[in-house]
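# Working through the structure, step by step
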Amino acid sequence: MPAPDRFRQIPSVTSLLARDDIRSLLAHHPRAVVLGAIRRLLDGYRGEASGEEGSGRTREEWTSRLIAALPAEVSAGEEISLRRVINATGIVVHTNLGRAPLPEEAIQAISETASGYSNLEFDLAGGTRSRRLVHVEQMLLALTGAESVHVVNNNAAAVFLCLTGLARGREVIVSRGELVEIGGSFRIPEIMAASGATLVEVGTTNRTRVADYERAIGPATALLLKVHPSNFRITGFTEEATISDLVALGGRLGVPVMEDLGSGAVFDFGQAGIPGTPTIKQVLAQGPGIVTVSGDKLLGGPQAGIIAGRKSLLEPLKKHPLSRALRIDKLCLAALAATLRLYADERRAAARVPVLAMMVEGEGVVRARARGLIARVRRKQALAARRDTASPEAPNHVPGDVLAGAEGLTMHVERSFSSPGGGSMPEVEIPSACVAVSHTRVRAEELDARLRKGNPPVVGRVARGRILLDMRTVRNEELGELAGALLAASRELCHSGND
Ligand SMILES: *Cc1c(COP(=O)(O)O)cnc(C)c1O
């Protein structure tokens with residue numbers, strides 16, 4: 001069929017809307033949702049019609065395809081696209097999976113603050129206007145040991161505010177080994193350019209000495225900036241100026257030092273067998289004027305950018321108009337305050353903050369959870385088998401419903417390594433346990449894709465023909481859902497003619 005004729009075979013929206021079956025869909029779903037679904041399907045068909053496969057389809061064929069696909073497309077259109085997933089990657093602070101699951105206390109605080117009015121910026125004692133940051137200031141001062149603190153929307157905003165407020169129109173000296181990109185869009189040279197500060201690169205990719213900074217300092221220098229390389233490491237023949245080297249140099253020549261620490265830590269993880277990054281208190285004790293961190297990476301709390309340091313540097317930042325544009329919203333603030341409260345007691349934080357609890361959980365406990373998942377899958381299979389033999393005549397009974405497809409499922413526990421994630425400690429591997437899943441008739445990639453489409457979606461990884469589900473980041477409460485998801489996925493794939 002010539003191209004223009006092929007497209008003429010695709011039904012029009014108007015003709016479709018006149019059909020009874022579509023009119024009855026419109027009675028149960030918002031018109032905009034049904035229209036959106038029809039348009040998405042038709043767009044897809046136009047793409048197909050231009051290709052080989054769809055070139056010979058008639059109007060009747062396109063229409064009956066659309067009618068068959070429409071109910072599912074309408075349901076998809078009504079779903080909220082942002083949803084909870086089961087993280088079986090073993091990456092604890094997973095940048096693409098929403099980073100930190102919040103402590104129960106933080107969730108409570110969000111719910112309470114969201115559902116009514118609050119004293120967000122109101123002093124209840126005096127009956128006067130107040131500032132939102134009073135709710136977290138004291139706790140942050142105690143946690144960091146800093147003279148002054150400020151909080152904004154996230155760490156990218158914190159760095160941007162510091163550079164704009166302290167160095168706009170002037171120079172900022174950074175080592176060539178620290179001109180990093182973090183999480184796609186946060187790139188030091190670009191954020192520097194956007195802030196209006198001039199980047200002065202010193203040293204080389206692998207070696208930068210204090211003398212390199214010293215030579216670059218001039219009348220236009222506003223800041224010496226140290227950036228935590230977060231998600232990568234330079235190893236081998238390397239040298240870098242430490243923060244205390246820079247503080248000594250800056251002190252001698254009257255130039256403030258800032259460190260973008262990114263993650264940092266509140267506690268020394270060395271105690272839990274995880275080689276430690278220095279705590280934020282230790283970093284600040286070395287004397288930099290400003291340290292910035294990501295609230296979710298540092299605390300396992302909500303998204304936030306925390307700026308800690310000297311009062312003389314922070315005061316102008318607090319008054320800067322950008323502070324208003326970058327301010328933390330009330331729900332994040334409520335969650336941050338509740339999370340910070342937990343940190344008053346190290347043991348309580350380790351037990352109540354999910355990210356901390358996951359990182360320090362013993363390998364044996366994770367291994368037991370992995371065995372627990374396999375046991376649940378087997379139990380569901382056994383139950384289905386018993387139902388099969390006990391009541392083959394039961395109404396709605398599909399023989400072997402759960403078993404069909406699931407009998408080819410092979411699962412066993414393997415050692416694996418989890419990672420703290422969040423770019424905090426890229427070289428750190430936490431010994432962990434995963435369930436390795438394979439199927440006699442279904443490829444691991446297909447099973448993996450089906451698990452990601454499940455409800456809730458499950459995200460693992462495929463390696464050497466198996467799906468690896470790291471159980472460090474899966475919670476006990478999710479085991480039932482995960483077992484159900486595995487059985488449903490293998491059943492569906494086998495039924496859809498995979499064998
Ligand atoms: C993560 C990170 C950032 C960005 O922080 P967000 O809170 O994601 O905005 C900036 N700098 C460093 C060093 C980081 O690790």
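Each remark here, short or long, concerns the structure printed above.
Small disclaimer: the values here were computed from a predicted structure and weren't measured.

## Some thoughts on unusual backbone geometry
Along the chain, Asn455 connects to Pro456 via a cis peptide bond; the corresponding omega equals 0°. Structurally, Pro456 can be placed in the loop between helix H20 (444-452) and strand S16 (458-459). The phi torsion at Arg464 lies on the positive side, around 45°, for a residue other than glycine. With respect to the helices and strands, Arg464 occurs in the loop between strand S17 (461-463) and strand S18 (466-470).

## Here's the deal with the environment of Leu342
Relative to the elements of secondary structure, Leu342 occurs in helix H16 (residues 330-342). Take Leu342: its relative accessible area is 3%, and that puts it in the buried class. Along the sequence, Leu342 and Leu299 sit 43 residues apart, while their C-alpha atoms lie 9.9 Å from each other. Beyond its immediate chain neighbours, meaning those up to four positions away, Leu342 contacts Pro103, Glu105, Arg348, Ala349, Arg352 and Val353.

## Let's talk about the pairing of strand S11 (residues 257-262)
Of all 6 residues making up S11, 6 are buried, and the element is well covered by its neighbours. Here S11 shows no split at all, with Val257, Glu259 and Leu261 on one side and Met258, Asp260 and Gly262 on the other all buried. By the bridge criterion, 4 bridges tie strand S10 (residues 221-227) to S11 in an arrangement that is parallel. In the strand pairing of S11, Val227 is matched with Asp260. Taking the sense of rotation as the criterion, the β-α-β connection linking S10, helix H11 (residues 243-253) and S11 turns out right-handed. Here S11 pairs with strand S12 (residues 290-294) via 4 bridges, running parallel. The partner of Gly262 across the bridge, within S12, is Val293.

## Section: the pattern of salt bridges
Across all of its chains, the model carries 32 salt bridges by this definition. Salt-bridge contacts for Glu478 lead to Arg84; the nearest nitrogen and oxygen are separated by 3.7 Å. Here Glu478, found in the loop between S18 and helix H21 (479-498), pairs with Arg84, found in the loop between helix H5 (59-78) and strand S1 (86-87); they are 394 residues apart in sequence, far enough to count as distant. Put simply, Glu121, Arg129, Arg132 and Arg327 are held in one network by salt bridges that share partners.

## Brief notes about the packing of helix H8 (residues 155-167) against helix H9 (residues 188-195)
Running from amino to carboxyl end, H8 crosses H9 at an angle of 50°, the nearest separation of the two axes being 9 Å. On the basis of their axis angle, the class for H8 and H9 is oblique. The hand of the H8/H9 crossing is right-handed. Here H8 contributes Ala156, Val159, Phe160, Leu163 and Thr164 to the contact with H9, which in turn contributes Ile191, Met192, Ala194 and Ser195. Taken together, the residues that form the contact of H8 with H9 break down as 7 nonpolar, 2 polar and no charged.

## Describing the packing of aromatic side chains
On inspection of all chains with the given rule, the structure shows 2 aromatic pairs. Sitting over the face of the ring of Trp62, Arg57 holds its NZ or CZ atom 5.1 Å from the ring centroid. Residue placement shows Arg207 over the ring face of Phe237; its charged tip is 3.7 Å from the ring centre.

## Some details on the site of the ligand
Near the ligand the following residues occur: Arg99, Asn154, Asn155, Ala156, Ile182, Phe186, His228, Ser230, Asp260, Gly262, Ser294 and Lys297. Within the backbone of Ala156, one N or O atom sits 2.8 Å away from an oxygen atom of the ligand. In this structure, Asp260 approaches the ligand through a side-chain N or O atom, which is 2.6 Å from a nitrogen atom. Calculation on the ligand without its partners gives an accessible area of 380 Å², and the protein chains cover 94% of this total. Mapped by element, the contributors of at least two residues to the shell around the ligand are H8 and S11. Residues belonging to the shell around the ligand are distributed by class as follows: 3 nonpolar, 6 polar and 3 charged.

Rules used in this analysis
- Residues numbered from 1 in each chain as written.
- Predicted model: local features only at pLDDT ≥ 70, side-chain atom pairs only at ≥ 80, totals over all residues.
- Heavy atoms only, no water.
- Helix = DSSP H or I, 4+ residues; strand = E, 2+ residues; numbered from the N terminus.
- Buried < 20%, exposed > 50% of the residue type's maximum accessible area, 1.4 Å probe, protein only.
- Contact = heavy atoms within 4.5 Å.
- Pairing = 2+ DSSP bridges.
- Right-handed = clockwise from strand over helix to strand, strands pointing away.
- Salt bridge = Lys/Arg side-chain N within 4 Å of Asp/Glu carboxyl O.
- Axes fitted to C-alpha atoms, helices over the stretch in contact; angles between N-to-C directions.
- Parallel < 35°, antiparallel > 145°, perpendicular 65-115°, else oblique.
- Left-handed = near helix turned anticlockwise from the far one by under 90°.
- Nonpolar A, V, L, I, M, F, W, Y, C, P; charged D, E, K, R; others polar.
- Phe/Tyr/Trp six-rings, centres within 6.5 Å; stacked < 30°, edge-to-face > 60°.
- Lys NZ or Arg CZ within 6 Å of the ring centre and 35° of its normal.
- Near = heavy atom within 4 Å.
- Polar contact = N/O pair within 3.5 Å; in protein donor to acceptor, adjacent residues only side chain to side chain.
- Areas by Shrake-Rupley, 256 points an atom, 1.4 Å probe, with all protein chains shown as cover.

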